[in-house]
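Structural overview
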Amino acid sequence: GVGTDSRHTMLEEMDTLSGFGMTPMDVLTAATSIGAKICSLSNVGVVAKEYIADLILMDSNPLEDLTKAFQNVSLVMKEGQVVVDSHQ
């Protein structure tokens, strides 16, 4: 799981995990569905019906470059509601 235990920010921790050889998909899974499982949360961590919708929209593909993608977040949704929209 990802939880800023070893670095200052989650992005730094995700970059560290990537540097240790985890694929970007594995890092994202660790930060989402595995993190939810570790915290015993049953309705978050994946995009699915009946789950709480916390989503981000990035200007680039995080599977190609995690750092670049997280530095260019253009939309944030919390529980299905837009809370940040940089395109407005």
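You'll find the structure just up there.
Now for a quick tour of the structure. Just so it is clear, the model here is predicted, and its values are computed rather than measured.

1. Observations concerning the nonpolar core
- Core analysis: the biggest nonpolar cluster contains 6 residues, these being Val 2, Met 14, Val 27, Leu 28, Ala 30 and Leu 66.
- Apart from the residues within four sequence positions on either side, Leu 66 is in contact with Leu 11, Met 14, Asp 15, Ser 18, Pro 24, Val 27 and Leu 28.

2. A few points about the pattern of salt bridges
- Counted under the stated rule, the structure contains 1 salt bridge.
- A salt bridge links Asp 54 to Lys 78; the nearest nitrogen and oxygen atoms lie 3.3 Å apart. Taken together, the positions of Asp 54 in the loop between helix H3 (33-38) and strand E1 (55-58) and Lys 78 in strand E2 (residues 73-78) put the pair 24 residues apart, joining distant regions of the chain.
- Accessibility expressed as a relative area gives 38% for Asp 54, which makes it partly exposed.
- Residue Lys 78 is classed as partly exposed on the basis of its relative accessible area of 44%.

3. Digging into helix H2 (residues 24-31)
- Here H2 has its buried residues at Val 27, Leu 28 and Ala 30. For H2, the angular spread of the buried residues around the axis is 160°, confining them to a single face.
- Those residues of H2 that are buried are in contact with helix H1 (10-19), H3 and helix H4 (66-70).

4. A look at the layout of surface pockets
- Volume-wise, the largest pocket comes out at about 770 Å³.
- Contributing to the lining of the largest pocket are 26 residues, with Ala 31, Thr 32, Asp 54, Leu 55 and Ile 56 lying nearest its centre.
- Of all elements in the fold, only H1, H2, H3, E1 and E2 reach the threshold of two or more residues within the lining of the largest pocket.
- Of the residues that constitute the lining of the largest pocket, the class distribution is 21 nonpolar, 3 polar and 2 charged.

5. Brief notes about H1
- Looking only at H1, the buried set comprises Glu 13, Met 14 and Thr 16. All buried residues of H1 fall inside an arc of 160° around its axis, so they share one side.
- One or two steps after H1, the chain reaches Gly 21, where phi turns positive at roughly 110°.

How each quantity is defined
Residues numbered from 1 in each chain as written. Predicted model: local features only at pLDDT ≥ 70, side-chain atom pairs only at ≥ 80, totals over all residues. Heavy atoms only, no water. Core = buried A, V, L, I, M, F, W, Y, C linked by side-chain atoms within 4.5 Å. Buried < 20%, exposed > 50% of the residue type's maximum accessible area, 1.4 Å probe, protein only. Contact = heavy atoms within 4.5 Å. Salt bridge = Lys/Arg side-chain N within 4 Å of Asp/Glu carboxyl O. Helix = DSSP H or I, 4+ residues; strand = E, 2+ residues; numbered from the N terminus. Arc of directions from axis to C-beta. 1 Å grid on protein atoms, 1.4 Å probe; cavity = no way out; pocket = protein on both sides within 12 Å on 5 of 7 lines; lining within 4 Å. Points joined across faces, edges and corners; volume = space filled by probe spheres on them. Nonpolar A, V, L, I, M, F, W, Y, C, P; charged D, E, K, R; others polar.

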